[in-house]
Amino acid sequence: YDILGVGRTAAAADIKLAYRRKVQLAHPDRGGDPDAFILVVKAFGLLSDPDTRRLFDETGLVDDEAVKGYRREVAAILADMFDAAVSTAIATGLKLESVDFITQMSAAVTAGLKDARATLGRTDGEIGALQALRSRIRRTDADRNLFAERLDAQVRLKTEEHHTIKRRVAMLETALAELGNYESETELIAALEAEG
């Protein structure tokens, strides 16, 4: 939190904004300190992943492997998008030097983020509806409530799905923040190669 200059209760958007500011200043290609740059990237990796942030908030521990894994997953998303954008440009006969891949990839990430957020909202509603139904189903005796058990199982499945979608949203937000840090495809390619 101190490295990015945000409080412990900072929202994801505030963390992303602080990261963008700090990483621009610390970036070695722009005259920044390489060690400071690494710290900023690690801090953002920790705080942008809901699971590693929660672990850090609860225990003060930094799971370096989880942070590295998260960063690799984001890099894989960006690499896949870049490959798809290049393949599409080639297949449609566009001159590669005239394609703004950063803008194209940002638009794709933004569209994916919009879809993921909509799915997250839908899943929230489904969980709420299942829980409301669960609270209405009662037995008049002390026997096993089969229907309530079935609904509990459905809520658990939807909750797992919700967690997966929430993580996808966080990754796409991180990917979008990463794209905002590059002025050209050359910088992006170098970063993806370093992450891989």
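What counts and how
Residues numbered from 1 in each chain as written. Predicted model: local features only at pLDDT ≥ 70, side-chain atom pairs only at ≥ 80, totals over all residues. Heavy atoms only, no water. Salt bridge = Lys/Arg side-chain N within 4 Å of Asp/Glu carboxyl O. Helix = DSSP H or I, 4+ residues; strand = E, 2+ residues; numbered from the N terminus. Buried < 20%, exposed > 50% of the residue type's maximum accessible area, 1.4 Å probe, protein only. pLDDT = per-residue confidence, 0-100. Axes fitted to C-alpha atoms, helices over the stretch in contact; angles between N-to-C directions. Parallel < 35°, antiparallel > 145°, perpendicular 65-115°, else oblique. Left-handed = near helix turned anticlockwise from the far one by under 90°. Contact = heavy atoms within 4.5 Å. Core = buried A, V, L, I, M, F, W, Y, C linked by side-chain atoms within 4.5 Å. Polar contact = N/O pair within 3.5 Å; in protein donor to acceptor, adjacent residues only side chain to side chain. Phe/Tyr/Trp six-rings, centres within 6.5 Å; stacked < 30°, edge-to-face > 60°.

### Describing the pattern of salt bridges
Working step 1: Under the counting rule described, the total for this entry stands at 15 salt bridges.
Working step 2: The partner of Glu178 in a salt bridge is Arg71, and the shortest N-O contact between them spans 3.1 Å. Separated by 107 residues along the polypeptide, Glu178 in helix α6 (residues 146-179) and Arg71 in helix α4 (residues 64-91) bring together distant segments of the chain. Each member of the pair, Glu178 together with Arg71, is buried.
Working step 3: Across the pair Arg139 and Asp143 runs a salt bridge, and its minimum N-O distance is 3.7 Å.

### Description of the confidence of the model for the protein chain
Working step 1: Within the protein chain, residue pLDDT values average 86, and 93% of them lie at 70 or more.
Working step 2: Confidence, expressed as mean pLDDT per element, reaches its minimum in the protein chain at helix α7 (residues 185-195) with 58 and its maximum at helix α5 (residues 101-136) with 93.

### Structural notes on the packing of helix α1 (residues 12-26) against helix α2 (residues 34-48)
Working step 1: Between α1 and α2, whose axes approach to 9 Å, the crossing angle comes to 165°. What the angle tells us is that α1 and α2 run roughly antiparallel. In this structure, the crossing between α1 and α2 has a hand that is left-handed. Of the residues in α2, those in contact with Ile15, Lys16, Tyr19, Lys22, Val23 and Ala26 of α1 are Ala36, Phe37, Val40, Val41, Phe44 and Leu47.

### So, the nonpolar core
Working step 1: Ranked by size, the top nonpolar core spans 26 residues in total, and within it Val74, Leu78, Phe101, Met105, Val109, Leu172 and Leu179 carry the most contacts.
Working step 2: Contributing elements (two or more residues each) for this core: α4, α5 and α6.
Working step 3: With 9 residues, the single largest contributor to this core is α4.
Working step 4: Leaving out residues up to four positions away in the same chain, Val74 has contacts with Met171, Thr174, Ala175 and Glu178.
Working step 5: Counting residues in hydrophobic clusters, the runner-up holds 18 residues, among them Val6, Phe44, Leu47 and Val67.

### Considerations on the environment of Ser135
Working step 1: Tracing the chain through its elements places Ser135 in helix α5.
Working step 2: For Ser135, a relative accessible area of 40% corresponds to the partly exposed category.
Working step 3: In this structure, the C-alpha to C-alpha distance between Ser135 and Ala148, residues 13 residues apart in sequence, is 8.3 Å.

### Side note on the side chain of Thr174
Working step 1: Structurally, Thr174 can be placed in helix α6.
Working step 2: For Thr174, a relative accessible area of 2% translates into the label buried.
Working step 3: Within polar-contact distance, the side chain of Thr174 engages the backbone oxygen of Ala170 at 2.9 Å.
Working step 4: Non-local contacts of Thr174, meaning those with residues more than four positions away in its chain, are made with Phe44, Ser48, Tyr70, Arg71 and Val74.

### Brief notes about the side chain of His162
Working step 1: Along the polypeptide, His162 turns up in helix α6.
Working step 2: For His162, a relative accessible area of 16% puts it in the buried group.
Working step 3: Once residues within four sequence positions are removed from consideration, His162 is found in contact with Leu120, Thr123, Asp124 and Ile127.

### Brief notes about the packing of aromatic side chains
Working step 1: Counting across every chain of the model gives 3 aromatic pairs.
Working step 2: Pairing Tyr1 with Phe56 gives two aromatic rings, centres 6.0 Å apart and planes at 35°, and the pair type is tilted. Of this pair, Tyr1 sits in the segment before α1 while Phe56 sits in helix α3 (residues 50-59), and the two are 55 residues apart along the sequence.
Working step 3: Using a relative accessible area of 12% as the deciding quantity, one classes Tyr1 as buried.

### A look at the environment of Ala36
Working step 1: Within the secondary structure, Ala36 sits in helix α2.
Working step 2: Placed 72 residues apart in sequence, Ala36 and Ala108 show a C-alpha to C-alpha distance of 30 Å.

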